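# An overview of the molecular structure
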Amino acid sequence: MTHTIQNVWSRVVISILFSIVTSQSIAQSSEETEVANNETVIRGFIEAWSRLDPDELLNYFVEDGTYYNMPTSPVTGHENLRQFIAGFIQSWETTDWEILNLLADGDIVMVERIDHTVVAGSPVELPCFGIFEMENGKIKVWRDYFNLPTYTDALTAAAAAAN
């Protein structure tokens, strides 16, 4: 009888330990999948900029998403984002965003990049750093940091050379 009770308890303990290990493994696997998905979404978003299509870019944001294009004021909501992006890229002829470094952890994705853009016939090489807060596989908040004079100086120099 004692052997039977010990066997039962042994099985119970083993079952509990197996459940704990399996739960931790599933949770870790789920988190790793989410991080990989967020990284893939942001890589796709960065690639999409080369097509200069505001509606395509808008699809990467949640409905009430916010874009902080530093140093300008934040823009929130699909309609405002569409208008801002369309206005911003209106004079762009081409753009290709080169990813230098990308780090993803949970719902945060950070990207260091160089934006190679031709604006009104002038090439602009703009180092940028973007931080993305993700929600269900879409961008909830995007804060993009860059040196505005790098952008405006390139355009001013190109305009002066054209005259």
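Scroll up to find the structure this text is about.
Residues numbered from 1 in each chain as written. Predicted model: local features only at pLDDT ≥ 70, side-chain atom pairs only at ≥ 80, totals over all residues. Heavy atoms only, no water.

## Here we look at the nonpolar core
Quick note on the threshold: Buried Ala, Val, Leu, Ile, Met, Phe, Trp, Tyr and Cys residues that are joined via side-chain atoms within 4.5 Å together make up what is termed a nonpolar core. Each residue gets one of three labels from its accessible area relative to the maximum for its type: buried under 20%, exposed over 50%, partly exposed in between, using a 1.4 Å probe on protein chains only. In DSSP terms, a helix is any run of H or I states spanning at least four residues, a strand is any run of E spanning at least two, and both are numbered starting from the N terminus. Contacts are residue-level and defined by heavy atoms, with any inter-residue pair within 4.5 Å sufficient.
Counting residues in each nonpolar core, the largest one holds 30 residues, and the members touching the most others are Ile 42, Phe 45, Trp 49, Phe 132, Ile 139 and Trp 142. Among the secondary structure elements, those contributing two or more residues to this core are helix H1 (2-48), helix H2 (54-58), strand E1 (61-69), helix H3 (78-88), strand E3 (92-105), strand E4 (108-119), strand E5 (122-135) and strand E6 (138-146). The contacts of Phe 132, once residues within four sequence positions are left out, are Ile 42, Phe 45, Asp 107, Ile 108, Val 109, Val 111, Ile 139, Val 141 and Trp 142.

## Looking at H3
Counted only if it meets this: Each C-beta atom gives one direction from the helix axis, and the arc is the one those directions make.
Listing the buried residues of H3 in full gives His 78, Leu 81 and Ile 85. Buried residues of H3, seen end-on, are gathered within an arc of 60° and therefore sit on one face of the element. On the buried face of H3, the contacting elements are H2, E1 and strand E2 (75-76).

## Some points on the pairing of E5
The condition is simple: We treat two strands as partners when DSSP finds at least two bridges between them.
Here 12 bridges tie E4 to E5, and the two strands are oriented antiparallel to one another. Residue Ile 108 lies in a different strand from E5, and its bridge partner there is Glu 133. As consecutive antiparallel partners, E4 and E5 are separated by 2 residues, and within that stretch Ala 120 has a phi angle of approximately 50°, a positive value. Relative to E6, E5 is paired through 8 bridges, and the arrangement is antiparallel. By the bridge assignment for E6, Gly 130 is matched with Asp 144. Between E5 and E6, which pair antiparallel one after the other, the connecting turn spans 2 residues, and Asn 136 there sits at a positive phi close to 55°.

## Points about the packing of aromatic side chains
In plain terms, the rule: Here a pair means two rings of Phe, Tyr or Trp (six-membered ring of Trp) with centres within 6.5 Å. Their orientation is stacked below 30 degrees between planes, edge-to-face above 60, and tilted elsewhere. Note on geometry: a ring has a charge over it if NZ (lysine) or CZ (arginine) is within 6 Å of the ring centre and within 35 degrees of the ring normal.
Inspection of every chain in the model, using the stated rule, returns 16 aromatic pairs. When the ring of Phe 45 is compared with that of Phe 132, the centres are 5.9 Å apart and the planes differ by 80°; the resulting orientation is edge-to-face. Taken together, the positions of Phe 45 in helix H1 and Phe 132 in strand E5 put the pair 87 residues apart, joining distant regions of the chain. In this structure Phe 45 comes out as buried when scored by relative accessible area, which is 0%. Residue Phe 132 is classed as buried on the basis of its relative accessible area, which comes to 0%. An aromatic cluster of three or more residues is present, and its members are Phe 45, Trp 49, Tyr 60, Phe 61, Tyr 67, Phe 84, Phe 88, Trp 92, Trp 97, Phe 132, Trp 142 and Tyr 151. The cationic tip of Arg 113 hangs over the ring face of Trp 97; the distance from NZ or CZ to the ring centre is 4.1 Å.

## Topic: the pairing of E3
Relative to E4, E3 is paired through 12 bridges, and the arrangement is antiparallel. Looking at E4, one finds that Asn 101 is bridged to Glu 112. What sits between E3 and E4 in their antiparallel hairpin is a turn of 2 residues, with Gly 106 showing a positive phi close to 65°.

## Considering the environment of Glu 112
Applied cut-off: Pairs of N or O atoms are called polar contacts if they sit within 3.5 Å, as long as, within protein, a hydrogen donor faces a hydrogen acceptor (for residues adjacent in sequence, only side-chain-to-side-chain pairs).
Looking at where Glu 112 falls in the secondary structure, it is placed in strand E4. The exposure class assigned to Glu 112 is partly exposed, which follows from its relative accessible area of 32%. Leaving out residues up to four positions away in the same chain, Glu 112 has contacts with Glu 98, Ile 99, Leu 100, Asn 101, Cys 128 and Phe 129. There is a polar contact of 2.5 Å between the side chain of Glu 112 and the side chain of Asn 101.

## Observations regarding the side chain of Arg 113
Take Arg 113: it is sitting in strand E4. A polar contact of 2.6 Å, which involves the side chain of Arg 113, links it to the side chain of Asp 144. Those residues within four positions of Arg 113 in sequence are excluded, and the remaining contacts are Trp 97, Glu 98, Ile 99, Leu 100, Leu 126, Pro 127, Cys 128, Gly 130, Trp 142 and Asp 144.

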